[in-house]
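Coordinate inspection notes
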Amino acid sequence: MLQCILLSLVLLLQCQSRDRWTTQLSQHLCQSEDQVISATRTLANSGFHKDLTTNLELDEIPRAFLLENTTSHFYMDIDQIKEGLFLGYPPVFPDDPIDVEQPADSSPAHIVGVLCETHHVTLPVHHRYQPAGSQPYSSVCIPFPRVFIPVVTPEDYSDLELGIEQVEVERGCRLLRAPCGVNSFPECGWEEVAVVGVQEVCSSVPVGLTQDLPIVQISALAAVFIGFSAIVYVMFCRKEKSKAT
């Protein structure tokens, strides 16, 4: 009985986290009335593996929460980031499970929450494999995230949920409910802030050429045939050897 209850709670939490950001982004979220921040962003390294660096000029604001849209062309390896927290990676909270093996033409876009407790944040991101094309490289871009700053925090409210509800009633909008720290709960209340000086960052990714597809397919079939023949040959030789003995 206890196991069933625990399993139900786990499934409920998974369902809640699966649409955590998309549901909230569809609502009328509170906008900061007096805060505007500036930011810059870079996408470094060559090949499929990049370092996405975001610099936020927050002044006296202690922290920020980002909602990253990875698009279908990039992905974040959540396990890699969690294991690298000691390296300075920030806590991340994906909207739904991320399949790191899917190619770009079959992968959905993902929204990942990022808690920034410093003004300089670097995250590893990875290109997804692109469909074959007529050019050896393709340019793909990742947009700037939506940025939120704290309004209801444990430092100011003993009851966070009550504090969030009070602020929402006063302002007539919804605060983003997002983690206060490295764990998913408790959740603070965050308002969206306008950001200036930002734009999407783009990168070139290698692409297979369509004219090379027949060669690749023939080579793959030949490799399979050779491997299968080798297995059959070894099995036949062993069988003949066992007969001789």
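Below, the structure is looked at part by part. Predicted model, so just to flag it, every value in this text is computed and none were measured.

With that settled, the discussion passes to the overall build of the chain. Looking only at helices and strands, one finds 5 helices and 12 strands in the chain. With 245 residues in all, the chain has 37% of them scored as buried. For the chain, long-range pairs separated by at least 24 residues make up 76% of all intrachain contacts whose partners lie at least 6 apart in sequence.

A negative phi angle is the norm for most residues apart from glycine, just as the trans form is the norm for most peptide bonds. A cis amide bond links phenylalanine 185 with the next residue in sequence, proline 186, at an omega value of 5°. Within the secondary structure layout, proline 186 lies in the loop between β10 (176-179) and β11 (187-196). If you check the backbone angles, aspartate 59 has positive phi at about 55° while not being a glycine. Non-glycine residue threonine 71 carries a positive phi angle of around 60°.

Its 12 residues give helix α4 (residues 160-171) an end-to-end C-alpha distance of 16 Å, which sits within 8% of 16 Å, the value for a rise of 1.5 Å per residue. Along α4, the residues that are buried comprise Leu160, Gly163, Ile164, Val167 and Glu168. Take α4 and look down its axis: the buried residues cluster within an arc of 130°, on one side only. Across from the buried face of α4, at angles greater than 90 degrees, the exposed residues are Val169 and Glu170. Looking at the buried positions of α4, the neighbouring elements they touch are β9 (146-152), β10 and β11. Capping the start of α4, aspartate 159 holds a side-chain oxygen 3.3 Å from the backbone nitrogen of glutamate 161, two or three residues further along. Backbone geometry just after α4 places glycine 172 at a positive phi near 70°.

Scanning the model with the defined rule gives 7 salt bridges in all. Across the pair glutamate 68 and arginine 41 runs a salt bridge, and its minimum N-O distance is 2.2 Å. With a gap of 27 residues between them, glutamate 68 in strand β3 (residues 64-69) and arginine 41 in strand β1 (residues 31-44) connect regions that are remote in the sequence. The class for arginine 41 is buried, based on a relative accessible area of 11%.

Before going further, it helps to spend a moment on the environment of leucine 115. As for its position among the elements, leucine 115 is in strand β6 (residues 111-116). Taking the relative accessible area as the measure of exposure, leucine 115 reaches 1% and is therefore buried. Residues leucine 115 and proline 179, spaced 64 residues apart in sequence, show a C-alpha to C-alpha distance of 7.7 Å. Contact partners of leucine 115, with chain neighbours within four places excluded, come to Arg63, Ala64, Phe65, Pro90, Pro91, Phe93, Pro179, Cys180, Gly181, Val182 and Trp190.

Among the nonpolar cores identified, the biggest contains 32 residues, and Leu56 and Val114 are the most heavily contacted of them. Apart from residues lying up to four places away in sequence, leucine 56 is in contact with Ile37, Ser38, Ala39, Ala64, Leu66, His119 and Phe144. Counting residues in hydrophobic clusters, the runner-up holds 20 residues, among them Cys30, Ile164, Val167 and Cys173.

Criteria and thresholds
Residues numbered from 1 in each chain as written. Predicted model: local features only at pLDDT ≥ 70, side-chain atom pairs only at ≥ 80, totals over all residues. Heavy atoms only, no water. Helix = DSSP H or I, 4+ residues; strand = E, 2+ residues; numbered from the N terminus. Buried < 20%, exposed > 50% of the residue type's maximum accessible area, 1.4 Å probe, protein only. Contact = heavy atoms within 4.5 Å. Expected span 1.5 Å × (residues − 1). Arc of directions from axis to C-beta. Polar contact = N/O pair within 3.5 Å; in protein donor to acceptor, adjacent residues only side chain to side chain. Salt bridge = Lys/Arg side-chain N within 4 Å of Asp/Glu carboxyl O. Core = buried A, V, L, I, M, F, W, Y, C linked by side-chain atoms within 4.5 Å.

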